[in-house]
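The primary structure of each chain is shown beneath.
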Amino acid sequence: MTTASKHPRKFFSPLAIGAPEPLRELPVRLERMIHFIPPHVEKIRAKAGDLAKQVDVLLGNLEDAIPADAKRQARDGFIEMAEANDFGQTGLWVRMNTLSSPWALDDVTELVSKVGNKLDVIMLPMVEGPWDIHYLDQLLAQLEAAHGVTRPILIHAILETAEGVKNVEAIAGASPRMHGMSLGPADLAASRGMKTTRVGGGHPAYGVLADASDGSDSRFFHQQDLWHYTIAKMVDACASAGIKPFYGPFGDFSDEAACEAQFRNAFLQGCLGAWSLHPSQIEIAKRVFSPDPEEVGFARKILDAMPDGTGAVMIDGKMQDDATWKQAKVIVDLAELVAQKDPERGALYGK
Ligand code: GLV
Ligand code: MG
């Protein structure tokens, strides 16, 4: 199979006459949690304005978990909610139905024609390869041009099929419209034939048993992270393409500690946020995806000790050089972004 790719000069050209210029850099925004709401439920829609003040991203879900006979109400409800509220600095996203579904085309055409200037990001499920991104990219450009949308609506892919994981690098680099990607562990588990029934998190039987050494019965068993490989692969694909990686859903609302552990693994590996499917997960995401104040303090010491980012110094017995300076910069930049949006947490960072 041969593949041809677009000439670099063409990569940043609008795909339709009159469509807004594609972005060269992603907007700098804090996106610690993508908070999911079902927009066909009027009671929840009515709270959207208040919710928007508590979260970094508010997402109207049109796909899985919305019953087939409520798809239209969910789409209409989302449009009504988008029109009725000012979301300020909070991102407004929607999760559309899969491209192979009977609802996808109407989702895109109605959303862009009615609220295209309010919508920041469309989350696209079941992305299998760059062809899915190219299709939506072209369609969005046509609709943006037709409806006077002035800034490009970005695409966030869900990584939730074996083929998508295989093609993750090509997906990440498919278009300047790519915002980022979320791991979708539930659909991915099904697609891979994993023998689980959970939405994310670990499994008690997936682990490593210590060798039997001295004939005693006590052997340690350590549970392992089922998602380590995929998150690492996704983070590399996203970071190398300049887009953002996210962990997706954690379905056991009764186990906040396990949710926090899964989110934290993703954060430490490079992810910028996760989905919150239940209000209790908003706080967990804030706690995990805002850097630890002690870590920020130490990172500041590194930056202060090496003002031009070069050389080598010792701090508290630990060697610092250009590479730790860059790690420190990631942490301090994130702390500053958190402080702008969330002054209460920013106060913990002492500046
Ligand atoms: C999310 O969509 C998932 O399938 O985990
Ligand atoms: Mg899914």
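Conventions used here
- Residues numbered from 1 in each chain as written.
- Chains lettered and ligands numbered in written order.
- Predicted model: local features only at pLDDT ≥ 70, side-chain atom pairs only at ≥ 80, totals over all residues.
- Heavy atoms only, no water.
- Helix = DSSP H or I, 4+ residues; strand = E, 2+ residues; numbered from the N terminus.
- Rg over C-alpha atoms; globule rule 2.2 N^0.38 Å.
- Buried < 20%, exposed > 50% of the residue type's maximum accessible area, 1.4 Å probe, protein only.
- Contact = heavy atoms within 4.5 Å.
- Areas by Shrake-Rupley, 256 points an atom, 1.4 Å probe, with all protein chains shown as cover.
- Lys, Arg positive; Asp, Glu negative; His and termini not counted.
- Charge placed at Lys NZ, Arg CZ, Asp CG, Glu CD.
- Near = heavy atom within 4 Å.
- Polar contact = N/O pair within 3.5 Å; in protein donor to acceptor, adjacent residues only side chain to side chain.
- Nonpolar A, V, L, I, M, F, W, Y, C, P; charged D, E, K, R; others polar.
- Donors = N, O, S within 2.8 Å, 3.2 Å for Na, K, Ca; no water.
- Pairing = 2+ DSSP bridges.
- Domains from an automatic or database assignment.
- Salt bridge = Lys/Arg side-chain N within 4 Å of Asp/Glu carboxyl O.
- Axes fitted to C-alpha atoms, helices over the stretch in contact; angles between N-to-C directions.
- Left-handed = near helix turned anticlockwise from the far one by under 90°.

### Here's the deal with the overall build of the protein chain
Stage number 1. Per the secondary structure count, the protein chain includes 15 helices and 12 strands.
Stage number 2. Against the 2.2 N^0.38 benchmark of 20 Å for 351 residues, the protein chain shows a C-alpha radius of gyration of 22 Å, consistent with a compact globule.
Stage number 3. For the protein chain, buried positions account for 48% of its 351 residues.
Stage number 4. Counting only contacts in the protein chain whose residues sit at least 6 apart along the sequence, the fraction spanning at least 24 positions is 71%.
Stage number 5. Surface summary for the protein chain: the accessible area is close to 17,400 Å², and the carbon and sulfur share equals 54%.
Stage number 6. Of note, the protein chain has its 36 positive side-chain charges centred 3 Å away from the centre of its 47 negative side-chain charges.

### Considering the site of ligand 1
Stage number 1. Near ligand 1, the surroundings consist of Arg95, Glu160, Gly184, Pro185, Ala186, Asp187, Pro249 and Trp275.
Stage number 2. Here Asp187 contributes a backbone N or O atom positioned 2.8 Å from an oxygen atom of ligand 1.
Stage number 3. A total of 190 Å² of accessible area belongs to ligand 1 in isolation, and the protein chains cover 93% of it.
Stage number 4. In terms of residue count, helix H9 (residues 185-192) provides more of the shell around ligand 1 than any other element does, 3 residues in total.
Stage number 5. Of the residues that constitute the shell around ligand 1, the class distribution is 4 nonpolar, 1 polar and 3 charged.

### A short note on the coordination of the magnesium ion (ligand 2)
Stage number 1. In the first shell of the magnesium ion (ligand 2), the protein supplies Glu160 (OE) and Asp187 (OD), at 2.1 Å from the metal. Here the residue Glu160 occupies a position in the loop between strand E5 (154-159) and helix H7 (162-166), and Asp187 occupies one in helix H9, the gap between them amounting to 27 residues.

### Concerning the pairing of strand E6 (residues 178-183)
Stage number 1. Burial analysis of E6 places 6 of its 6 residues in the buried class, which makes it a mostly covered element.
Stage number 2. Of the pairings in the sheet, the one linking E5 to E6 comprises 5 bridges and is parallel in character. Opposite Leu159, over in E6, you have Leu183 as the bridge partner.
Stage number 3. One ladder, built from 3 bridges, connects E6 with strand E9 (residues 244-246); its direction is parallel. Residue pairing for E9: Ser182 is matched across the bridge by Phe246.

### Focus: the domain arrangement of the protein chain
Stage number 1. Each assigned domain of the protein chain is listed with its residue range as follows: domain 1 (26-211 + 219-289) and domain 2 (291-351).
Stage number 2. One C-alpha centre belongs to domain 1, the other to domain 2; they are set 29 Å apart.
Stage number 3. With 13 residues of domain 1 at the interface, the matching set in domain 2 holds 7 residues.
Stage number 4. Between the two partners, domain 1 and domain 2, sit 3 salt bridges.
Stage number 5. Salt-bridge contacts for Asp56 lead to Lys341; the nearest nitrogen and oxygen are separated by 3.8 Å.

### A few points about the packing of helix H11 (residues 256-269) against helix H12 (residues 280-289)
Stage number 1. Where H11 meets H12, the closest approach of the two axes is 9 Å, and the angle between their N-to-C directions is 35°. Judged by the sense of rotation from one axis to the other, the crossing of H11 with H12 is right-handed. Residues Glu256, Cys259, Glu260, Phe263, Arg264 and Phe267 of H11 form the contact with H12, whose participating residues are Ser280, Gln281, Ile284, Ala285, Arg287, Val288 and Phe289.
Stage number 2. Of the residues contributing to the contact of H11 with H12, the split by class is 7 nonpolar, 2 polar and 4 charged.

### Let's talk about the pattern of salt bridges
Stage number 1. For the structure on display, the rule yields 24 salt bridges.
Stage number 2. In this structure, Asp56 engages Arg32 in a salt bridge whose closest nitrogen and oxygen atoms are separated by 2.7 Å. Note that Asp56 is positioned in the loop between helix H3 (48-54) and strand E2 (57-61) and Arg32 in the loop between helix H1 (8-11) and strand E1 (33-37), a separation of 24 residues in sequence. Each of the two residues, Asp56 as well as Arg32, counts as buried.
Stage number 3. If you follow the salt bridges from partner to partner, you end up with Arg32, Asp56, Glu283, Lys341, Asp342 and Arg345 in one network.

### Focus on unusual backbone geometry
Stage number 1. Positive phi values are uncommon outside glycine, yet Ala65 reaches one of about 90°.
Stage number 2. Secondary-structure assignment places Ala65 in the loop between E2 and helix H4 (71-84).
Stage number 3. Residue Ala65 is classed as exposed on the basis of its relative accessible area of 75%.
Stage number 4. Phi is positive for Met126, close to 55°, though the residue is something other than glycine.
Stage number 5. As for its position among the elements, Met126 is in the loop between strand E4 (121-124) and helix H6 (130-146).
Stage number 6. On the basis of relative accessible area, Met126 is assigned to the partly exposed category, the value being 27%.

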